[in-house]
Amino acid sequence: MAVELCLLLLLFCGSTISEVQPIYKPPPGTLDFGFVPAKTYDTGAYHEPGAIGILFKIVHAFLYLVQPNTFPQDLIRKLAQQQFGNTQGDYQKAIYYEIGFIVSAALGLLFILLLPLVGLCFCMCRCCDNCGGEMHQRQKKNADCQRSCFATFLFVASLIISVGVLCAYAANQHLTNQVRGAKKLVNSNFKDLKIFLNDTPAQIDYLVNQYNTTKDKALSDLNNVGPVLGTRVQEQLGKEVRPALDAALTMAGAIRETKEALENVSVSVEVLQEGTERLHANLTDVKMHLSNTLNDSACSAAQAASTCNIIRNSLVQLNINANFSGLPGVSLQLAKINEVLKIDLSSLVQKGYAAFNDTPDLVVNQTRNILSDIKSVLESIGSNITTFTRALPVQKILADLMVHLTQSEAYVQDYFPLVEQYDFYRWLGCLILCCMLVLILVFYYLGLLCGTCGYDKHASPTTRGCISNTGGNFLMAGVGFSFLFSWVLMIVVVLTFVTGGNVEKLVCEPFEDKNLFKVLDTPYLLNKHWKNYLAGIIFKNPNVNLTFEKVYSDCKENKGIYTSLHLEHLFNINELLNISMYTEDVALKIEHIQINLSKIILLDEIGKENLLNFSSSGIDGIDFSAYLTEINKSVTKVDLLSFANDLEARADQLPKGALENALKGHANNIRMIHNQQVVPLEQAMSTLNQSIRLLKRTSSELMVKVKNVISAVNAAQDLINNNASQVIVQETKKYMDTIIGYFEQYTEWVKESISMEVAACKPIANVIDTAVDIFLCSYIADSVNTFWFGLGGSSMFLIPAIIFAVKLSKYYRRMDTEDVYDDSVEQW
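The written sequence of each chain sets the order in which its residues are numbered from 1. Whole-chain, interface and lining totals are the exception, using all residues; otherwise, since this is a predicted model, local features are given only for residues with pLDDT of at least 70 and side-chain atom pairs are given and counted only at 80 or more. Hydrogens and water molecules were not included; the side-chain quantities draw on all heavy atoms of the structure.

What about the overall build of the chain?
1) Next: The secondary structure content of the chain amounts to 27 helices and two strands.
2) Next: Type-normalised accessible area, obtained with a 1.4 Å probe on protein chains alone, sets the label of each residue: buried when under 20%, exposed when over 50%, and partly exposed for intermediate values. Within the chain, the fraction of its 828 residues that count as buried is 47%.
3) Next: Between two residues, a contact is recorded if the distance between any of their heavy atoms is within 4.5 Å. Put simply, 90% of the contacts in the chain that link residues at least 6 apart link residues at least 24 apart. Secondary structure elements are defined from DSSP: runs of H or I of at least 4 residues count as helices, runs of E of at least 2 residues count as strands, and each element is numbered from the N terminus.

Regarding the packing of helix H2 (residues 53-66) against helix H26 (residues 762-796)
1) Next: Only the stretch in contact is used when a helix axis is fitted, and all axes are lines through C-alpha atoms; the angle between N-to-C directions ranges over 0 to 180 degrees. One way to put it is that H2 packs onto H26 with a least axis distance of 9 Å and a crossing angle of 75°. As judged from the angle between their axes, H2 and H26 are roughly perpendicular. Residues Leu 55, Phe 56, Ile 58, Val 59, His 60, Phe 62 and Leu 63 of H2 pack against Ser 778, Asp 782, Ser 783, Asn 785, Thr 786, Trp 788 and Phe 789 of H26.
2) Next: Looking at the contact of H2 with H26 residue by residue, the classes come out as eight nonpolar, five polar and one charged. Orientation labels follow simple angle bins: below 35 degrees gives roughly parallel, above 145 gives roughly antiparallel, 65 to 115 gives roughly perpendicular, and whatever is left gives oblique. Residues are grouped as follows: Ala, Val, Leu, Ile, Met, Phe, Trp, Tyr, Cys and Pro are nonpolar; Asp, Glu, Lys and Arg are charged; every other residue, Gly included, is polar.

What to know about the packing of aromatic side chains
1) Next: Each Phe, Tyr or Trp ring, with Trp reduced to its six-membered ring, pairs with another whose centre is within 6.5 Å; inter-plane angles below 30 degrees give stacked pairs, above 60 give edge-to-face pairs, and intermediate values give tilted ones. This structure, assessed with the given rule, holds 21 aromatic pairs.
2) Next: Residues Phe 424 and Trp 427 carry aromatic rings whose centres are separated by 5.9 Å and whose planes lie at 25° to one another, so their mutual orientation is stacked. Of this pair, Phe 424 and Trp 427 both sit in helix H13 (residues 394-454), three residues apart, which is roughly one turn of that helix.
3) Next: Since its relative accessible area comes to 40%, Phe 424 is described here as partly exposed.

So, the environment of Lys 57
1) Next: Looking at where Lys 57 falls in the secondary structure, it is placed in helix H2.
2) Next: Lys 57 sits in the exposed class, given a relative accessible area of 64%.
3) Next: Taking the C-alpha atoms as reference points, Lys 57 and Thr 786, 729 residues apart in sequence, are found 9.5 Å from one another.

Considering helix H27 (residues 798-812)
1) Next: Multiplying 1.5 Å by the residue count of a helix minus one yields the expected span of that helix. In this model H27 runs 20 Å from its N-terminal to its C-terminal C-alpha over 15 residues, within 8% of the 21 Å that 1.5 Å per residue would give.
2) Next: Of all 15 residues in H27, 11 are buried, a share of seventy percent or more.

Let's talk about helix H24 (residues 658-699)
Structurally, the α-helix is built with 3.6 residues per turn, so residues lying three or four positions apart point the same way.
1) Next: In a regular helix each residue adds 1.5 Å, so 42 residues correspond to 62 Å; H24 covers 60 Å between its end C-alpha atoms and thus fits that length.
2) Next: The quantity called bend is, for any residue, the angle between two axes fitted respectively to the seven residues ending at it and the seven beginning at it. By the largest-angle criterion, His 674 marks the main kink of H24, which is about 35°.
3) Next: Just past H24, the residue Glu 701 takes up positive phi, approximately 50°.

Things to note about the layout of surface pockets
1) Next: Reported here for the largest pocket is a volume of approximately 640 Å³.
2) Next: Along its surface, the largest pocket is lined by 24 residues, and His 60, Glu 512, Asp 773, Ser 778 and Asp 782 are the ones closest to its centre.
3) Next: Among the residues making up the lining of the largest pocket, the classes are represented as nine nonpolar, five polar and 10 charged. In this analysis, the protein atoms alone were mapped onto a 1 Å grid. Cavities are point sets where a 1.4 Å probe fits without being able to get out; pockets are open sets with protein on both sides within 12 Å along at least five of seven lines; lining residues have an atom within 4 Å of a point. Grid points are joined across faces, edges and corners, and a volume is the space filled by probe spheres set on the points.

A few points about the environment of Ala 662
1) Next: For Ala 662, the position within the fold is in helix H24.
2) Next: By relative accessible area, Ala 662 is classed as partly exposed at 27%.
3) Next: Taking the C-alpha atoms as reference points, Ala 662 and Ala 651, separated by 11 residues in sequence, lie 8.7 Å from one another.

A short note on the nonpolar core
Taken as a class, soluble globular proteins show a tendency for nonpolar side chains to be buried jointly.
1) Next: As used in this record, nonpolar core signifies buried Ala, Val, Leu, Ile, Met, Phe, Trp, Tyr and Cys residues forming a set joined through side-chain atoms within 4.5 Å. Leu 318, Leu 602, Tyr 627, Leu 663 and Leu 688 are the most contacted members of the largest nonpolar core, which totals 82 residues.
2) Next: Sort the elements by how many residues they give to this core and helix H7 (residues 225-294) lands first, with 20 residues.
3) Next: Excluding anything up to four places from it in sequence, Leu 663 contacts Leu 290, Thr 293, Leu 294, Ile 311, Leu 647, Ala 651 and Leu 654.

Brief notes about the state of the cysteines
A covalent bond between the sulfur atoms of two cysteines is what we call a disulfide.
1) Next: Our working definition of a disulfide is a cysteine sulfur pair at a distance within 2.5 Å. A complete count under the given rule lists two disulfides for this structure.
2) Next: Paired through a disulfide, Cys 555 and Cys 761 show a sulfur-sulfur distance of 2.2 Å. Taking the torsion about the S-S bond as the criterion, the Cys 555 to Cys 761 disulfide, at about -105°, is left-handed. Of this pair, Cys 555 sits in helix H17 (residues 548-556) while Cys 761 sits in the loop between helix H25 (702-756) and H26, and the two are 206 residues apart along the sequence.
3) Next: By relative accessible area, which is 0% here, Cys 761 ends up buried.
4) Next: This cysteine, Cys 453, is not joined by any disulfide, and Cys 450 carries the nearest cysteine sulfur, 7.2 Å off.
5) Next: With no disulfide of its own, Cys 466 lies 9.2 Å from the sulfur of Cys 450, the closest cysteine sulfur.
6) Next: Looking at Cys 466, the relative accessible area reads 56%, which means it is exposed.

A few points about the confidence of the model for the chain
1) Next: When pLDDT is averaged across the chain, the result is 77; 82% of the residues are at 70 or more.
2) Next: On a scale of 0 to 100, pLDDT captures the predictor's confidence in every residue. A low-confidence stretch, residues 1-28 stays under pLDDT 50, and its non-local contacts, those more than four residues away or across chains, total 90 contacts.
3) Next: Here residues 821-828 is modelled with pLDDT under 50, and outside its nearest four sequence neighbours on either side it reaches 15 contacts, counting other chains as well.

Focus: the side chain of Thr 547
1) Next: Structurally, the position occupied by Thr 547 is in the loop between helix H16 (533-539) and H17.
2) Next: Each polar contact in these results corresponds to two N or O atoms within 3.5 Å; when the atoms are within protein, one needs to be able to donate a hydrogen and the other to accept it, and residues that are neighboring in sequence are counted only if both atoms are side-chain atoms. A distance of 3.1 Å separates a polar side-chain atom of Thr 547 from the backbone nitrogen of Lys 550.

Some words on the pattern of salt bridges
1) Next: For salt bridges, the criterion is a side-chain nitrogen of Lys or Arg within 4 Å of an Asp or Glu carboxyl oxygen. Summed over all chains, the structure comprises seven salt bridges.
2) Next: Lys 194 serves as the salt-bridge partner of Glu 409, at 2.8 Å between the closest nitrogen and oxygen. With Glu 409 in helix H13 and Lys 194 in helix H5 (residues 143-209), the pair connects residues that are 215 residues apart, well separated along the chain.
3) Next: Classification of Glu 409 as buried rests on a relative accessible area of 16%.
4) Next: Judged by relative accessible area, Lys 194 falls into the partly exposed class, the value being 26%.
5) Next: Here the residues in one salt-bridge network are Lys 550, Asp 554, Glu 557 and Lys 559, joined through shared partners.

So, the packing of helix H23 (residues 640-651) against H24
1) Next: Running from amino to carboxyl end, H23 crosses H24 at an angle of 170°, the nearest separation of the two axes being 9 Å. If you check the angle between H23 and H24, you find them roughly antiparallel. Contacts from Leu 640, Leu 641, Phe 643, Ala 644, Asn 645, Leu 647, Glu 648 and Ala 651 in H23 reach Glu 660, Leu 663, Lys 664, His 666, Ala 667, Ile 670, Arg 671, Ile 673, His 674 and Val 678 in H24.
2) Next: Across the contact of H23 with H24, the residue classes tally to 11 nonpolar, three polar and four charged.

A short note on unusual backbone geometry
1) Next: Located in the positive-phi region is Lys 514, a residue other than glycine, with phi close to 70°.
2) Next: Residue position: Lys 514 is located in the loop between helix H14 (466-512) and helix H15 (515-520).
3) Next: On the accessibility criterion, Lys 514 (27% relative accessible area) is partly exposed.

Some points on the environment of Asp 652
1) Next: Turning to its location among the elements, Asp 652 is positioned in the loop between H23 and H24.
2) Next: Overall, Asp 652 belongs to the partly exposed group, its relative accessible area being 45%.
3) Next: Along the backbone, Asp 652 and Lys 664 are 12 residues apart, and their C-alpha atoms lie at a distance of 8.6 Å.
4) Next: Those residues in contact with Asp 652 that lie beyond four places of it in its chain are Glu 660 and Lys 664.

Structural notes on the side chain of Ser 564
1) Next: On the secondary structure map, Ser 564 appears in helix H18 (residues 561-564).
2) Next: Every residue in contact with Ser 564, bar those within four places of it in the chain, is listed here: Leu 546, Val 551, Asp 554, Cys 555, Lys 559 and Cys 761.

The following block contains the structure:
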């Protein structure tokens, strides 16, 4: 019934899975579906035996010595198929496998048959005063040595028997303790199964409700179709449109810069022409006045003549160097540029930018009807999922399963006290068996204690004390009870050994290494008409490859029951709720999106004509070489500041007087002319230099540049008018794949959740582990095997204990007759 519930629940979960294979699959935005709600299972299907685990390992090692053969899969298969014995070698294989148990059991049976018979004969022999029954002891020289050896051997044998009794008692008590604590483990398994049943519907509801996350994301993108699809279209067209508009805007800036440069050239040339004329006149005056000063009689003196001649010869340097009067004007070009600037080209380009930036709004306006249809499809998907959810009788099946589970739990709770009661009887029986050995040990230990403490080596055999004689009697009592109880103990040992040992070798070990599942998965084993029994039960199709081992392993890893049971072979999920049908509908509607961008005008004819007028403005006809030739010259032939400093230095070489002062005055006048006239002229020349070079760069292949800008604008406009549909189709397809990608994420997430998280079947594996690995193997088999191991070892050591006790009792009991000395060998 639990399997049927899981099948139905996972049918519903899996019905949300679809297969969509788009041609182009871009990486869509990652959706966060959260975590499937799941509670932690309490059962830890692992048993740690504690200190007694050492004994369990010793017993396992002993069983390996008894039975080292591998698990007989072929024999078990034949036995299950009732074909055992059809082949002549089957019995030989079985005997070969069980030879260790057979030999051990045969020895046990021999022990059971012979020991009582030997005891009977021994008793009758002693009654006839033989076999040590005669109360007469011959004296020997090594009597003390023999007595000590017999006592030591008996004590060692008793210690070994005591250890075996302790092992048997520990195993007996361990089994009882585990049975008493098993109720908690059973309740934990029932609790996990209830969690399994109760949480599965909530997990299914969570998977279904997460469709809203997918729908909300898709609706968000649809509501923002402008920023999403419109921006994508704009970005693709912008790869050609924006560079063209940028080039046009750059050219508009170049027009303004050209005007400013022409104005600077015109003003600078005028300033330079006027300034050089004024500078020339002032330098002429300075030369005249210097010549008059040098013609003074003071220069005729021997000390001043040479200096005055040097100064007189340098006056030729006081003259202008650059001549700007012959430079051509730029008024005609400036007039044409002013005419071009009457049309604001920058404003026209900005209008093109604004029109192109309105692409998202155009997309929104032209897709409004189609988007409403897509939203209706998304809403219908959610409605169908809800309708399908309500159509499934999940709650009824869950309620029925919960009733069965509750009844099973109540049955276990009712019968568990009976189990504990029977376990008490078992515990009491095993305790009685241990007490039999304890009684024998008590007689042996008392005999050793009394005999050792009461023995007097100076006393003759006939005069031994009462304590020593009592010790000998205790030893013989132990021998008597050994003969009485040993065969009973060995019967129990043989039965538990054969049963527990084979359970360990044929069930527990194969279960641990999964060989047991391999046997169960043998084709046609459990049903001669079914290749795979589990698949035949669940799917009614035994050809499906569903094995016990795979189901157990998957549940052990806490995978979902959908994956563990391979329920995809039972239900065609896509036919039950085929989301691919809806995604195809969404894709078709998205493909029908038609966006017309022909209203976008990047640059009208007026702007293009304006660019052509700029190219024909004539700035490329300016004689830039003439300008640059004069600009590269200095204003004067000599640096006036250097000339003035040199003049003042030579004046200092003259004798003090009017001549020296006059020359220094002329030097200061030259400095003033430099500061007031030469420096402004140099600044005007720098401005003229920058403007001329800018105009030269601008005019270089100006017509080609303008034509390239116009061609780029025309190409971008042609792309928008004629080829934008291809870009729109391409981006629409990417947009469609993004929307469908959300559904694919949802379905993939549902698949992964169903496979690994929904209805995780760990409780089923825990139930199997609890029943087989813990209850049968760890609790029962290990405890029973340890019990017979301890009890059997103790029983085997009763034989040497009997021999040593009989021998030793002769030295402790009071004899009726004695010899003075006899060196001969003592006979029974």
